[in-house]
Amino acid sequence: METLSLFFKRSLPNFFEALPIPDRFVGFADLTAGEWIELLVFAGGVGVVSYSVYHLAASKLSLKCCQLHCNRSCAMNPSIKKDVAKVVDIVEIEDITKEKVSYCRCWRSKKFPLCDGSHNAYNEETGDNTGPIVLKHKQKN
Ligand code: FES
């Protein structure tokens, strides 16, 4: 721990003090090639650290967003038939008498397994783009 403490208290300030950053903007024109390389290496390091922190924060935020939306875990299904181990709905194709039928894939429909349009509010709220699967009879020629 002492090494880490010394690094942040002594070496790091010395490092920043040694960087060839000019006092004025026009001072960049007077930098040598070696000083430019030193600055570019520093800028690259800052970029790598910033990129890593951003991606780490973004992954943590998306996890929180999902947990907030589901109000518990990141389960896709927030409320439908939660008393069964697996939600399976069987529809006999011959029973589909309408020209087309839409089945829910967002798990928010009040008429599940049929789509009731709830995916629109869900998409608006989350930025997702989910929608139903539509079964329709083939057009006869
Ligand atoms: S309501 Fe779920 S896909 Fe339409």
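Throughout this description, residue numbers start from 1 for each chain and increase along the sequence as written. Per-residue local features of the predicted model are confined to residues with pLDDT of at least 70, and side-chain atom pairs are confined, for both listing and counting, to 80 or more; whole-chain, interface and lining totals are unaffected and use all residues. Based on all heavy atoms of the structure, the side-chain values leave hydrogens and waters out of the count.

1. As for the overall build of the protein chain
- For the purposes of this entry, the term helix denotes a DSSP run of H or I that reaches at least four residues, the term strand denotes a run of E that reaches at least two, and both are numbered from the N terminus. Within the protein chain, the regular secondary structure consists of 3 helices and 2 strands.
- What you see in the protein chain, going N to C, is helices and strands ordered as α-α-β-α-β.
- Residues classed as buried in the protein chain amount to 17% of the 141 residues present.
- Within the protein chain, contacts between residues separated by at least 24 positions form 42% of all contacts whose residues are at least 6 apart in sequence. Only protein chains enter the calculation, and the probe is 1.4 Å; a residue is then buried if its accessible area is under 20% of its type maximum, exposed if over 50%, and partly exposed in between. Here a residue-residue contact requires only that any non-hydrogen atoms of the pair lie within 4.5 Å.

2. Considering the packing of aromatic side chains
- When two rings of Phe, Tyr or Trp (its six-membered ring) have centres within 6.5 Å they constitute a pair, described as stacked for plane angles under 30 degrees, edge-to-face for angles over 60, and tilted for the intermediate range. Overall, the coordinates contain 4 aromatic pairs when judged by the stated rule.
- Seen from their ring centres, Phe28 and Trp36 are 5.7 Å apart, and the 35 degrees between their planes marks the pair as tilted.
- Through a chain of ring-to-ring contacts, the aromatic side chains of Phe25, Phe28 and Trp36 assemble into a single cluster.

3. Section: the nonpolar core
- Core analysis: the largest hydrophobic core is formed by 6 residues, namely Ile80, Cys104, Cys106, Trp107, Phe112 and Tyr122.
- In this structure, Phe112 is in contact with Ile80, Val87, Asp89, Cys104 and Trp107, ignoring residues within four places of it in sequence. Note on terminology: a nonpolar core comprises buried Ala, Val, Leu, Ile, Met, Phe, Trp, Tyr and Cys residues joined through side-chain atoms within 4.5 Å.

4. Some points on the pattern of salt bridges
- A side-chain nitrogen of Lys or Arg and a carboxyl oxygen of Asp or Glu constitute a salt bridge if their distance falls within 4 Å. Tallying each qualifying case throughout the model produces 1 salt bridge.
- The residue Lys81 makes a salt bridge to Asp89 at a minimum N-O spacing of 2.7 Å.

5. Quick word on the UniProt feature "domain: Iron-binding zinc finger CDGSH type" (unreviewed entry) in the protein chain
- Sequence positions flagged by UniProt for "domain: Iron-binding zinc finger CDGSH type" (unreviewed entry) are, in local numbering, residues 86-125.
- Between the C-alpha atoms that bound residues 86-125 the distance is 26 Å, and the span itself is 20% helix and 10% strand. UniProt positions are given in the numbering used here, feature names are shortened, and annotations may be inferred rather than shown by experiment.

6. Structural notes on unusual backbone geometry
- Following Phe112, the chain continues into Pro113 via a peptide bond in cis, with omega recorded as 15 degrees.
- One can find Pro113 in the loop between β1 (100-103) and α3 (118-126).

7. Observations regarding the confidence of the model for the protein chain
- Here the protein chain shows a mean pLDDT of 85. Residues at 70 or above account for 89%.
- Looking over the protein chain, one finds the lowest element-wise mean pLDDT in helix α2 (residues 33-70), namely 78, and the highest in β1, namely 95. pLDDT expresses, on a scale from 0 to 100, how confident the predictor is about each individual residue.

8. A word on the side chain of Ser118
- Along the chain, Ser118 turns up in helix α3.
- By relative accessible area, which is 18% here, Ser118 ends up buried.
- Identification of polar contacts relies on pairs of N or O atoms within 3.5 Å, with a donor-acceptor requirement for protein atoms, meaning one able to donate a hydrogen and the other able to accept it, and with residues adjacent in sequence counted only if both atoms are side-chain atoms. A polar contact is formed between the side chain of Ser118 and the side chain of Asp116, at a distance of 2.5 Å.
- Excluding anything up to four places from it in sequence, Ser118 contacts Cys106, Arg108, Ser109 and Lys110.

9. Looking at helix α1 (residues 2-18)
- What a helix is expected to span follows from its residue count: subtract one and scale by 1.5 Å. For α1, built from 17 residues, the straight-helix expectation of 24 Å at 1.5 Å per residue is met to within 8% by its first-to-last C-alpha distance of 23 Å.
- Where α1 bends most, the angle comes to about 35 degrees, and this point is Phe8. Bend at a residue means the angle formed by two fitted axes: the first through the 7 residues ending at that position, the second through the 7 residues beginning there.

10. Observations concerning α3
- For α3, the set of buried residues is Ser118, His119, Tyr122 and Asn123. Take α3 and look down its axis: the buried residues cluster within an arc of 135 degrees, on one side only. Facing away from the buried surface of α3 by more than 90 degrees, the exposed residues are Ala121, Glu124 and Glu125.
- Two residues or fewer past α3, Gly127 is found with a positive phi of approximately 80 degrees. Directions are taken from the helix axis to each C-beta atom, and the arc is the one they span.

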